[in-house]
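Okay, here's what each chain looks like letter by letter:
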Amino acid sequence: MTTAVPASAPVLTPAERRSAELEQQLNRDPGRFRVLTGDRPTGRLHLGHYFGTLRNRVRLQDLGVDVFVLIADYQVLTDRDTADRLQEYTDGLLLDYLALGIDPARSTVFTHSAVPALNQLLLPFLSLVSVAELGRNPTVKDEIAHSRQSAVSGLMYTYPAHQAADILFCKGDVVPVGQDQLPHVELTRTIARRFNERYGQVFPEPAALLSAAPLLLGTDGGKMSKSRGNSVPLGATADETARLIKGATTDADRHITYDPEHRPGVSSLVLLAALCLERDPHEVAAEIGDGGSAALKRTVTEAVNAHLAPVRARRAEYAADLTYVRSVLREGNERANAVAERTLGEVREAMGTFR
Ligand code: ATP
Ligand code: MG
């Protein structure tokens, strides 16, 4: 028997297909899975993080999946000389996680620099990939184009293999991420497969879990990024949010439509409002109609501020107790260390050569 596919069905990429299958399995048997995902402490978390990955993390935690969240401090140095304001940005990430509902009793938040055994996996993993494979990673190429360094460091080319260590040290099999991370998850799958083939089965082959907004655009029309001055931070005030959205790039056509391919700037704003309002983006666009970008931006600002108001209130409460907030990281680091040492032990045993 064949299954009829409607002519209009979108063609899914292999990663999108895997993500959709994973979503079904997660709902059936959440206890079987472990999530690893994270963020670089390079600035304030923004709406792209929220709709691209953060909401998925909290949803999975609440479903009963074991969630590990990495504050990727060593990877700050991929595209800059020094890790400035690291404590401030790390505190900010912790505040956002807690305000959004990451529960330290159920989820583990940790940093690279506090978990040596995780970093030690990088050496065997690097031996499993070729220089050519590292060099053709499209996300790395994009990040080099936006880098603030005059020379490209070795860390820039190798951090995707480091990211494989991030995911595999805890045997993560679900990686809720934005679209920019897909090449890295692909490399992680390759590393896991090659390690298992060469030394015996140790690692799962993880898959990316994509959201409805895998690539939210920033106010300049490029990928919304912490480091590119084009983001709307989750912890911004309502006024700051209004000012940032007012400055967003749109186009000359007054009639508002949802057409991501031909009108990326306008459509990203429409999508943002729709996600906050839990409505269909085409309907939101039709309602604004001939109101132009001023009306669109008003709608988006109100929707974002209303949606984030409770999160921002909780964030302010946690900000008043930084001692507690930092203790969450200390405990997470302890848990992550125990897991990393166990995995490193298995790796040494499988490889049979090193002590
Ligand atoms: P930086 O500019 O410093 O690299 P960033 O905004 O790209 O910061 P990361 O810490 O690199 O943020 O990414 C953290 C996670 O958020 C990743 O899973 C990434 O895919 C996701 N993410 C980042 N930006 C977006 C976006 N604009 N839309 C959807 N997901 C995003
Ligand atoms: Mg990034």
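Remember, predicted model here, so these are calculated numbers, not experimental data. Here the residue index of a chain counts from 1 through its sequence in written order. By the order in which they are written, chains take letters starting at A while ligands take numbers starting at 1. Local features in this predicted model are restricted to residues of pLDDT 70 or higher, and side-chain atom pairs are both shown and tallied only at a pLDDT of 80 or more, whereas totals for entire chains, interfaces and linings draw on every residue. Hydrogens and waters are ignored; side-chain quantities use all the structure's heavy atoms.

Draft legend 1. Representation of the site of ligand 1. Near ligand 1 there are 22 residues, and of these Thr 42, Asp 180, Lys 223, Lys 226 and Ser 227 occur at the shortest range. One of the backbone nitrogen or oxygen atoms of Gly 178 is found 2.8 Å away from an oxygen atom of ligand 1. Within the side chain of Lys 226, one N or O atom sits 2.6 Å away from an oxygen atom of ligand 1. Accessibility throughout is a Shrake-Rupley quantity obtained with a 1.4 Å probe, and a residue counts as covered only by protein chains that appear here. About the coverage of ligand 1: the protein hides 95% of its 590 Å² of free accessible area. Taken together, the elements giving at least two residues each to the shell around ligand 1 come down to β1 (34-39) and α2 (47-63). A helix here means a DSSP run of H or I that spans at least four residues, while a strand means a run of E at least two residues long, and both kinds are numbered starting from the N terminus. Considering each element in turn, the shell around ligand 1 owes the most residues, 4 residues, to α2. We call a residue near a given molecule or strand whenever any one of its heavy atoms falls within 4 Å of it. By the criterion applied in these results, polar contacts are pairs of N or O atoms within 3.5 Å in which, for protein atoms, one can donate a hydrogen and the other can accept it, and in which residues neighboring in sequence qualify only through two side-chain atoms.

Draft legend 2. Representation of the nonpolar core. Side-chain atoms within 4.5 Å link the members of a nonpolar core, which is a set of buried Ala, Val, Leu, Ile, Met, Phe, Trp, Tyr and Cys residues. Only protein chains enter the area calculation, which uses a 1.4 Å probe; residues under 20% of their type maximum are buried, those over 50% are exposed, and those in between are partly exposed. Within the largest apolar cluster, 57 residues are counted, with the highest numbers of intra-cluster contacts made by Leu 47 and Tyr 97. Sort the elements by how many residues they give to this core and helix α11 (residues 264-277) lands first, with 9 residues. Throughout the structure description, domain borders are defined by an automatic or database domain assignment. Residue assignment places this core across two domains, with domain 1 (14-213 + 322-351) and domain 2 (226-319) each supplying three or more. Of all hydrophobic cores here, the second largest spans 40 residues; its members include Leu 118, Phe 125, Phe 195 and Phe 203.

Draft legend 3. Highlighting unusual backbone geometry. In the Ramachandran plot, Arg 85 falls in the positive-phi region, its phi being about 55 degrees despite a non-glycine side chain. One can find Arg 85 in the loop between β2 (66-71) and α3 (86-100). Unlike most non-glycine residues, Glu 278 shows phi in positive territory, near 55 degrees. As for its placement among the helices and strands, Glu 278 is situated in the loop between α11 and α12 (281-288). Classification of Glu 278 by relative accessible area gives exposed; the value is 69%.

Draft legend 4. Up close: the packing of aromatic side chains. Pairs were defined over the aromatic rings of Phe, Tyr and Trp, the Trp ring being its six-membered one, requiring ring centres within 6.5 Å. Orientation was assigned from the angle between planes: stacked under 30 degrees, edge-to-face over 60, tilted for the rest. Summed over the entire model, instances satisfying the criterion amount to 9 aromatic pairs. An angle of 70 degrees between the planes, with centres 4.7 Å apart, marks the rings of Tyr 50 and Phe 51 as edge-to-face. With relative accessibility at 7%, the residue Tyr 50 sits in the buried group. Overall, Phe 51 belongs to the buried group, its relative accessible area being 4%. Site record: aromatic cluster; members linked through ring pairs are Phe 125, Phe 195, Tyr 199 and Phe 203.

Draft legend 5. The arrangement of the environment of Val 58 in detail. Of note, Val 58 is situated in helix α2. For the pair Val 58 and Thr 250, spaced 192 residues apart in sequence, the C-alpha to C-alpha distance is 32 Å.

Draft legend 6. Focus on the pattern of salt bridges. A pair is scored as a salt bridge if a Lys or Arg side-chain nitrogen falls within 4 Å of a carboxyl oxygen belonging to Asp or Glu. With the rule as written, the count across this model stands at 23 salt bridges. In this structure, the salt-bridge partner of Asp 62 is Arg 106, at a minimum N-O distance of 3.3 Å. Taken together, the residues span a long stretch of sequence, with Asp 62 in helix α2 and Arg 106 in the loop between α3 and β3 (107-111) at a distance of 44 residues. For Asp 62, a relative accessible area of 48% corresponds to the partly exposed category. On the accessibility criterion, Arg 106 (41% relative accessible area) is partly exposed. Two residues, Asp 251 and Arg 263, come together in a salt bridge whose shortest N-O distance is 2.8 Å. Taken together, the residues Asp 251 in the loop between α10 (238-246) and α11 and Arg 263 in the loop between α10 and α11 connect sequence positions 12 residues apart. Asp 251 sits in the partly exposed class, given a relative accessible area of 30%. Overall, Arg 263 belongs to the buried group, its relative accessible area being 9%.

Draft legend 7. Structural detail: the environment of Gly 101. Summarising the element assignment, Gly 101 is placed in the loop between α3 and β3. Separated by 42 residues in the primary sequence, Gly 101 and Arg 59 have C-alpha atoms spaced 9.1 Å apart. Any two residues whose heavy atoms approach within 4.5 Å at even a single point are treated as in contact. Setting aside chain neighbours within four positions, we find Gly 101 in contact with Val 58 and Gln 61.

Draft legend 8. Just α2, in detail. The span expected for a helix works out to 1.5 Å for each residue beyond the first. Between its first and last C-alpha atoms α2 spans 23 Å; for 17 residues at 1.5 Å apiece the expected length is 24 Å, and the two agree. The largest bend in α2 comes to about 45 degrees, at Thr 53. Burial of α2 is extensive: 13 of the 17 residues sit out of reach of the surface. Looking at the residues trailing α2, positive phi occurs at Gly 64, about 110 degrees. Note on bend: the value at a residue is the angle between axes fitted to the seven residues ending there and to the seven starting there.

Draft legend 9. Layout of the domain arrangement of the protein chain. On domain assignment, one finds that the protein chain holds domain 1 (14-213 + 322-351) and domain 2 (226-319). Relative placement of domain 1 and domain 2: their C-alpha centres are 28 Å apart. On the side of domain 2, 22 residues touch domain 1, which itself brings 28 residues to the contact. Buried area between domain 1 and domain 2, summed over both chains or domains, comes out near 2200 Å², and the portion from carbon and sulfur atoms is 61%. The interface formed by domain 1 and domain 2 holds 3 salt bridges in total. Summed over both partners, the accessible area lost on bringing two parts together, with a 1.4 Å probe, is the buried area.

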